[in-house]
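# A closer look at the structure
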Amino acid sequence: MLKLQDLAKNQELFSHGHRACAGCGEALAVRQILLAAQPRPVVTAMATGCLEIFSSIYPHSAWQVPMIHTAFETAASTAAGVEAAYRFAKKKGLISDDIRIIAFAGDGGTYDIGLQALSGALERRHRFLYVCTNNEAYMNTGIQRSSATPYGADTTTSPAGRVLPGKIQHRKNIMEIVIAHDVAYAAQTTVFFWRDLATKVQKALDAPGPSFLNVLVPCPLGWRHLPSETVKLSRLAADTCYWPLYEYENGRYKVNYTPTKKLPVEEFLKPQGRFRHLFSGEAGQQVIAELQRYVDEQWELLLRKQALFGEESAKA
Amino acid sequence: MILAKTGNEALAYAMKQINPDVVAAYPITPSTEIVQLFSNYVADGEVDTEFVPVESEHSAMTACIGAAACGRRVMTATASQGLALMHEMLFIAAGLRLPIVMAVASRSLSSPLNIHGDHSDSVASRDSGWLQFFCETVQEGYDALIMAVKIAERAYLPAIVAIDGFILSHCQERIETLEDGAVREFLGQPRPNYNLLDWRNPILVGPATLQDYYFEFKRSEIEGMNRVLPVIEEVQQEFGQKFGRYYPVLEEYRCEDAEAVLVVMGSACGTCRVAVDQLRAQGKKVGLAKLRVFRPLVHAILKKSLARFRRIGVMDRVDAVNSYGGPLFTEITSVLYDLPERPAVFSYVYGLGGREFTPEDARMVYEQVLSGKKDELVTYVGVR
């Protein structure tokens, strides 16, 4: 089992001095991922977005590993090109190291504009890890809704108004879309559970084909919570089953974390400004109830998948 | 070896001989065959290439960028909507100074949908920072593709080699090919600027820049483009010495004493040559200025050549809607603007969407330019 003291001995490959907001969950995730990847040599690609802006403003760079940024929708396709070049170099004996390739993109670059490139790269089975650092909206452009934005969230393009309660659709199930590509490994996690995250990074990097991590990264700016509450919120997301921690490996689903007491989704919503409007009236209560229904339904569905296509089913 | 090949076959064959490290591509008419034939070479193990059959042209160019950033020799092919879909990534390839080489079977752009040849796609990409070579014949396309690899790698800039869709891409010609070994020896190994896979020496490719640096990056890219002409001339000279085929960036055909000269790019140069010969036989002093290199714009060469003539017609196989004349026309008139005595320059738009451009059409244009009389700013040749 991974130990924090071992991870702490690793080199900081995502260095301090970058320009992320205080309490940025994405910066935490990237740092943890690059700590967990060691000692494997990694080459990385990223989409345009917060991560790129706060880590790569010339002449500064927070990256102590090779990094390429091309455009917003291109994390997967850029990584595919890098992987093809790597395969060529390996085939010709120009490289002897076993390099791993990681692509980073936010939920916009993954769920929306980059979905086609991601699908193509997964289908072609490029061996790389695609990390979606998911803060559930277009935070870099100023908190616009994405298809990862949850039902009822107030964003600048799904504002809570007199008629509408914020976003009126539930989020897209990207995990199932990715899993439908028959990936070698896919998992969902968040920054609070550092061991879960680090273990999944290592599994994903060692998987024999394309792998995917959907990492919930609370965003103080977009979620309107205190920077000091980022880690607490990422835990509440799992404890309410709003963000189940699970993995898909060799055709099997496995839930990695079952809260001892499943908290009501309100506990996750309440500290966040993006849901504040739901707590002042009857209409808001209905939205929360619908969100609770959705969370419960998805959680139950996941447990059923585990029962049907999990370790237990394999034993039976 | 002398072979009968269509333009697409010739370019695919050149690609086989170049044996690029990575090819990422998505099919589109009329360029499809280039990659289709190339994938046969991959399937038969005749090349070492890592072939990435992507899900769109956007990803094709992006994967090319990713692979080229790893210091590899990278190629692709496309046309029309495909080139338009790549548009965003073209600027990124050039900005990162990656010598990607792309064969383009030039075609019109929608709407309306039309699969036939004109220069709408290539010319629409003119400001992306790519070198652009327009070819008159299949032979020239074959030679240009090989030279483009060397030029791009010496200049650290990406390059498009354009053959006219269907007119060249699908028409068979007799071509003289080179030996595989001669092509590989001519090209040598790439000497990349940087290699992303060198993980012990990490670099950041494609950072964000603010007001304090963006301009300097762009200016250095512009300087790179400004300095590429000697590289082109050097490589073409080298190619000529080795293989006996010389290509000037601007070729003058029967221009010595010409009273009317047409500036033309691509396959229509052949049509205009026929018209020039016919008119010369009638004693009319006409000539052709064939422009092979569209980017970089060879303004000094154009100015020196064209300043001698009193009447010039500029032929565009594309229209820049509501511009003051066709795209090449406006560039030529800009080049000639500061001459003390400016020639009369006429704009002709022809051949859109594959509309046939015949020697009769060319003769009509020559007659009009010779007469020096023209009612409209732009003449649309052969449109009903």
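Residues numbered from 1 in each chain as written. Chains lettered and ligands numbered in written order. Predicted model: local features only at pLDDT ≥ 70, side-chain atom pairs only at ≥ 80, totals over all residues. Heavy atoms only, no water.

### Digging into the pairing of strand 6 (residues 211–216) of chain A
All names here are of chain A. The buried count for strand 6 comes to six of six residues, which makes it a mostly enclosed element. Residue alternation in strand 6 divides its side chains into two sets, Ser211, Leu213 and Val215 and Phe212, Asn214 and Leu216, and both sets are buried. With six bridges joining them, strand 4 (residues 129–134) and strand 6 adopt parallel strand pairing. By the bridge assignment, threonine 133 is partnered in strand 6 with valine 215. (Buried < 20%, exposed > 50% of the residue type's maximum accessible area, 1.4 Å probe, protein only. Helix = DSSP H or I, 4+ residues; strand = E, 2+ residues; numbered from the N terminus. Pairing = 2+ DSSP bridges.)

### Focus on the sheet that holds strand 7 (residues 246–249) of chain A
The strand order across the open sheet formed by nine strands is 8(A)-7(A)-5(A)-6(A)-4(A)-3(A)-1(A)-2(A)-9(B), and the pairing between neighbours is mixed. Looking at strand neighbours, the two that pair on one side only are strand 8 (252–255) of chain A together with strand 9 (204–205) of chain B, the edges of this open sheet. The pairing of strand 1 (residues 42–46) of chain A with strand 2 (residues 67–69) of chain A spans three bridges and is parallel. Bridging from a neighbouring strand, threonine 44 of chain A pairs with methionine 67 of chain A of strand 2 of chain A. Contacts between helix 4 (residues 75–91) of chain A and the sheet are confined to strand 1, strand 2, strand 3 (100–106) and strand 4 of chain A, with strand 3 of chain A contributing the most and set at about 170 degrees to the helix. (Contact = heavy atoms within 4.5 Å. Axes fitted to C-alpha atoms, helices over the stretch in contact; angles between N-to-C directions.)

### A closer look at the interface of chain B and chain A
Facing 39 residues of chain B, the contacting portion of chain A comprises 44 residues. Summed over both sides, the interface between chain B and chain A buries roughly 3,200 Å², with carbon and sulfur atoms accounting for 67% of that surface. When the area that chain B buries against chain A is broken down by residue, the three leading residues are Glu50, Leu197 and Trp199 of chain B, summing to 19%. The interface formed by chain B and chain A holds five salt bridges in total. Among the ionic pairs, glutamate 55 of chain B bridges to arginine 124 of chain A, the shortest N-O distance being 3.0 Å. Our count for the contact surface shared by chain B and chain A stands at 15 residue pairs in polar contact (both at pLDDT 80 or more). Listing elements by their share of the side of chain B that touches chain A, those giving two or more residues are strand 3 (50–53), helix 3 (57–68), helix 4 (80–95) and strand 9 of chain B. Examining the composition of the side of chain B that touches chain A, we find that seven residues originate from one element, helix 3 of chain B, more than from any other. Residue composition of the side of chain B that touches chain A, by class: 23 nonpolar, eight polar and eight charged. Across two bridges, the pairing between strand 2 of chain A and strand 9 of chain B is parallel. If you follow methionine 67 of chain A over to strand 9 of chain B, its bridge partner there is leucine 204 of chain B. (Buried area = accessible area lost by both parts, 1.4 Å probe. Salt bridge = Lys/Arg side-chain N within 4 Å of Asp/Glu carboxyl O. Polar contact = N/O pair within 3.5 Å; in protein donor to acceptor, adjacent residues only side chain to side chain. Nonpolar A, V, L, I, M, F, W, Y, C, P; charged D, E, K, R; others polar.)

### Examining the sheet that holds strand 6 (residues 131–134) of chain B
Residue and element names in this part refer to chain B. Spatially, 3-2-4-5-7-6-13 is the arrangement adopted by the seven strands of the open sheet, whose pairing is mixed. The open sheet is flanked by strand 3 and strand 13 (293–295), the only strands paired with a single partner. Put simply, the sheet's adjacent strands are angled 20 degrees from each other on average, direction ignored. Where strand 4 (residues 74–78) and strand 5 (residues 101–106) come together, four bridges link them in parallel fashion.

### Focus on the packing of helix 4 of chain A against helix 3 of chain B
How two helices pack is summed up by the angle between their axes together with the distance between the axes. For the pair helix 4 of chain A and helix 3 of chain B, the least separation of the axes is 6 Å and the interaxial angle reads 50 degrees. Comparing their axes, helix 3 of chain B and helix 4 of chain A come out oblique. Considering only the axes of helix 4 of chain A and helix 3 of chain B, their crossing is right-handed. In contact with Ser77, Thr78, Gly81, Val82 and Ala85 of chain A of helix 4 of chain A, helix 3 of chain B contributes Ser59, Thr62, Ala63, Gly66 and Ala67 of chain B. (Parallel < 35°, antiparallel > 145°, perpendicular 65-115°, else oblique. Left-handed = near helix turned anticlockwise from the far one by under 90°.)

### Quick word on the side chain of glutamine 17 of chain B
Relative to the assigned elements, glutamine 17 of chain B resides in helix 1 (residues 7–18). The residues contacting glutamine 17 of chain B, other than those within four sequence positions of it, are Tyr142, Ile146, Leu178, Glu179, Asp180, Val183 and Arg184 of chain B.

### Some details on the packing of helix 3 of chain B against helix 4 of chain B
Residue and element names in this part refer to chain B. At a minimum axis distance of 7 Å, the contact between helix 3 and helix 4 shows a crossing angle of 25 degrees. As judged from the angle between their axes, helix 3 and helix 4 are roughly parallel. The two elements helix 3 and helix 4 meet at a crossing, and its hand is right-handed. Between helix 3 and helix 4, the residues in contact are Glu57, His58, Ala60, Met61, Thr62 and Ile65 and Gly82, Leu85, Met86, Glu88, Met89, Leu90, Ile92 and Ala93, respectively.

### Things to note about the pairing of strand 15 (residues 344–350) of chain B
Residue and element names in this part refer to chain B. Among the seven residues of strand 15, six are classified as buried, and the element is accordingly described as predominantly covered. Bridge analysis of strand 14 (residues 311–316) against strand 15 gives six bridges, and the strand direction is parallel. Along strand 15, the bridge assignment pairs methionine 315 with tyrosine 348. Across four bridges, strand 15 lies against strand 16 (residues 378–381) in parallel orientation. Bridge pairing in strand 16 places serine 347 opposite valine 378. Of the crossover connections in this fold, the one passing from strand 15 over helix 13 (residues 359–371) to the parallel strand 16 is left-handed. (Right-handed = clockwise from strand over helix to strand, strands pointing away.)

### Brief notes about the nonpolar core
Core analysis: the largest hydrophobic core is formed by 179 residues, its most contacted members being Tyr130 of chain A together with Met61, Ile65, Ile100, Leu145 and Ile146 of chain B. If we skip the residues at most four places from it in the chain, isoleucine 100 of chain B touches Met61, Cys64, Ile65, Ala68, Val74, Ala93, Trp130, Pro158 and Ala159 of chain B. (Core = buried A, V, L, I, M, F, W, Y, C linked by side-chain atoms within 4.5 Å.)

### Observations concerning the environment of serine 267 of chain B
Residue and element names in this part refer to chain B. With respect to the helices and strands, the residue serine 267 is situated in the loop between strand 11 (260–264) and helix 10 (268–281). Given the relative accessible area of 10%, serine 267 is considered buried. Considered as a pair, serine 267 and glycine 283 are 16 residues apart in the sequence and their alpha carbons are 25 Å apart. Discounting residues that sit within four places of it in the chain, serine 267 has contacts with Cys135, Glu136, Asp164, Ile167, Leu168 and Arg317. Among the polar contacts made by the side chain of serine 267, one reaches the side chain of aspartate 164 at a distance of 2.5 Å.

### Let's talk about helix 12 (residues 327–336) of chain B
Counting buried positions over the 10 residues of helix 12 of chain B gives seven, a clear majority of the element. Of the residues making up helix 12 of chain B, those classed as buried are Pro327, Leu328, Phe329, Glu331, Ile332, Val335 and Leu336 of chain B.

### Brief notes about unusual backbone geometry
The omega angle of the peptide bond from tyrosine 58 of chain A to proline 59 of chain A is 5 degrees, so this bond is cis rather than trans. Note on placement: proline 59 of chain A falls in the loop between helix 3 (50–55) and strand 2. Following threonine 29 of chain B, the chain continues into proline 30 of chain B via a peptide bond in cis, with omega recorded as -5 degrees. Tracing the sequence through the fold places proline 30 of chain B in the loop between strand 2 (22–25) and helix 2 (32–43). Even without glycine at this site, tyrosine 156 of chain B takes up a positive phi of about 55 degrees. Along the chain, tyrosine 156 of chain B falls in the loop between helix 6 (138–155) and strand 7 (159–164). For phenylalanine 166 of chain B, which is not glycine, the phi torsion reads 65 degrees and is therefore positive. Inspection of the secondary structure puts phenylalanine 166 of chain B in the loop between strand 7 and strand 8 (173–176). Judged by its relative accessible area of 21%, phenylalanine 166 of chain B is partly exposed.

Interpretation in functional terms is not warranted from these geometric data alone.
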